[in-house]
Structures are given as structure tokens and as C-alpha cells.
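Residue-level listing of the chains:
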Amino acid sequence: SDPVKKNTSGLMAGRIVGFWKQPSGQLAYWGYLPKHLLGNRENEKKYLFSSGTNKSIPYSCRVLSTNMPPVLVEGTFDSDTLSLIGISSGATGTNRITESQIDAMISKGINKCIFMTDGDYAGFSGGVISVLNCANKGMECSVISTPPSLDDADKMRQEGKLELLSDLISNSYSPGEYLAKA
């Protein structure tokens, strides 16, 4: 049977659905609503997470590499996009890196990361909080902000802006530079 036809009712209706491995080993659902499918759903959140989702370990943390700083993003779909184009990545599920997520990365030997924020106020403030949270735990956090018209990694991929994405990552703001902008 057609899996698309099965996803027509409930909170996850019409969403791309994936799983976030939980600390307990269980899987929690997440659902992504692509902007081009919003239609009459403009007031709905882009991401939904099943109740009880524990975000204390970043999404995809189990595959993060210690060879290069992972790029952390807000959304799980953007993390998957970065992974598909060969960039070590994970998702926070919120606009900041939390202390428990930092602890999980440090336990895997990761002591540096790059946080990719949306270019709006929520992204900017989440970047500041992430830099401070990381500094308090002994982790270095560089930050990149996406241009307003290309507000996430998947949009950059769709628009053929992978070189811009690579440049943003290569030229991320150091923690001091980012805080000086604040």
C-alpha cells in the first residue's frame, strides 16, 4: 500500500516523519512540515515532536565525528540534509545547545562544535546562549547565521548554494566574535 496515503490524519498528517533515538534506546517520532506544503497550515509549527521526546542527547549524536567539529542545527531535517552532503551534524530540537547536549558530546570526545542559527532574533539569541552554555562546560562553540532568504541547510541545498554553505561553515564566528556582535 502507498505510505503517503496512510499519513493523512492526526498531528503528523502530511509531514515527513523520522525518529530520534532516546537515551533509553527507544525511538521518538518527529515530523517536519516543508514550507512548500504549508498551504492552509501556515500557523502550524514546522517541527512536531512526539510527547515525551527527550532532547538531552543531540539528534544523530551517535554518529558525530571527533575528527571535525560537528555542525549543530535546530531541526532534525536540516541535520539529515547536512549528513547527506557529507557534513558531520546533529540537531538540538530547539534554538540553542543545552547543557545536557553538551555533556553528551563531551562524553563522546567532542570538545568543539559549530552552531548554525537562523538569521532572525530567536536564532541570534539562541546562538548567544549556546556559546555561553558551551563555555561553561569547557566546549568551544563557533556560530554561523544563515542569510534570511536561505533560512536553513535544506533550503541552501535546494537552491544550489552548497558553496555558500561551505563558506559559512569555514568562516564561522569564533565565540568571542559572536558575543562581540551581541
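Described in the following lines is the structure provided in the data block.

Cut-offs applied
- Residues numbered from 1 in each chain as written.
- Predicted model: local features only at pLDDT ≥ 70, side-chain atom pairs only at ≥ 80, totals over all residues.
- Heavy atoms only, no water.
- Salt bridge = Lys/Arg side-chain N within 4 Å of Asp/Glu carboxyl O.
- Helix = DSSP H or I, 4+ residues; strand = E, 2+ residues; numbered from the N terminus.
- Buried < 20%, exposed > 50% of the residue type's maximum accessible area, 1.4 Å probe, protein only.
- Pairing = 2+ DSSP bridges.
- Axes fitted to C-alpha atoms, helices over the stretch in contact; angles between N-to-C directions.
- Core = buried A, V, L, I, M, F, W, Y, C linked by side-chain atoms within 4.5 Å.
- Contact = heavy atoms within 4.5 Å.
- Patch = residues over 30% accessible without salt bridge, like charges linked within 9 Å, V, L, I, M, F, W, Y side chains within 5 Å.
- Areas by Shrake-Rupley, 256 points an atom, 1.4 Å probe, with all protein chains shown as cover.
- Right-handed = clockwise from strand over helix to strand, strands pointing away.

1. Some thoughts on the pattern of salt bridges
By the definition in use, this model includes 2 salt bridges. Across the pair K137 and D103 runs a salt bridge, and its minimum N-O distance is 3.1 Å. Linking K137 in helix α4 (residues 121–137) with D103 in helix α3 (residues 99–107), this pair joins segments that are 34 residues apart in sequence. Classification of K137 by relative accessible area gives partly exposed; the value is 32%. With a shortest N-O distance of 3.9 Å, E140 and K112 are connected by a salt bridge. Here K112 lies in strand β6 (residues 112–117) and E140 lies in strand β7 (residues 140–145), a separation of 28 residues in the sequence. Residue class for E140 comes out partly exposed when judged on its relative accessible area of 35%. Residue classification places K112 among the partly exposed positions, given a relative accessible area of 32%.

2. Concerning the sheet that holds strand β1 (residues 16–21)
Pairing is antiparallel across the open sheet formed by 3 strands, whose spatial order is β1-β2-β3. A single partner strand is all that each edge strand has here, and the edge strands are β1 and β3 (47–49). Pairwise comparison of adjacent strand axes, ignoring direction, gives a mean angle of 25° for this sheet. In the sheet, β1 pairs with strand β2 (residues 27–32) via 6 bridges, with the strands oriented antiparallel. Considered in β2, the bridge of V17 is made with G31.

3. Here we look at the nonpolar core
In terms of nonpolar packing, the biggest core is built from 20 residues, with W30, V71, L82, M116 and I169 touching the most fellow members. For this core, the element with the highest residue contribution is helix α6 (residues 162–170), accounting for 3 residues. Those residues in contact with L82, other than ones at most four positions away along the chain, are V71, V73, I87, S89, A153 and L165. Counting residues in each nonpolar core, the second largest holds 16 residues, with C61, M105, I110 and V131 among its members.

4. Notes on a nonpolar patch on the surface
A cluster of nonpolar side chains, contributed by V17, F19, L27 and Y29, occupies part of the molecular surface with about 390 Å² of accessible area. For the nonpolar patch, the secondary structure elements donating two or more residues are β1 and β2. Looking at the element boundaries, F19 is found in strand β1.

5. Considerations on the pairing of β6
Of all the 6 residues making up β6, 5 are buried; the element is thus mostly covered by neighbouring parts of the structure. Bridge count between strand β4 (residues 71–73) and β6: 2 bridges; the pairing is parallel. Bridge pairing in β6 links L72 to F115. With 6 bridges joining them, β6 and β7 adopt parallel strand pairing. Bridge pairing in β7 places F115 opposite V143. In the classification by handedness, the crossover that spans β6, the intervening α4 and the parallel β7 is right-handed.

By themselves, these observations are geometric and do not establish any function.
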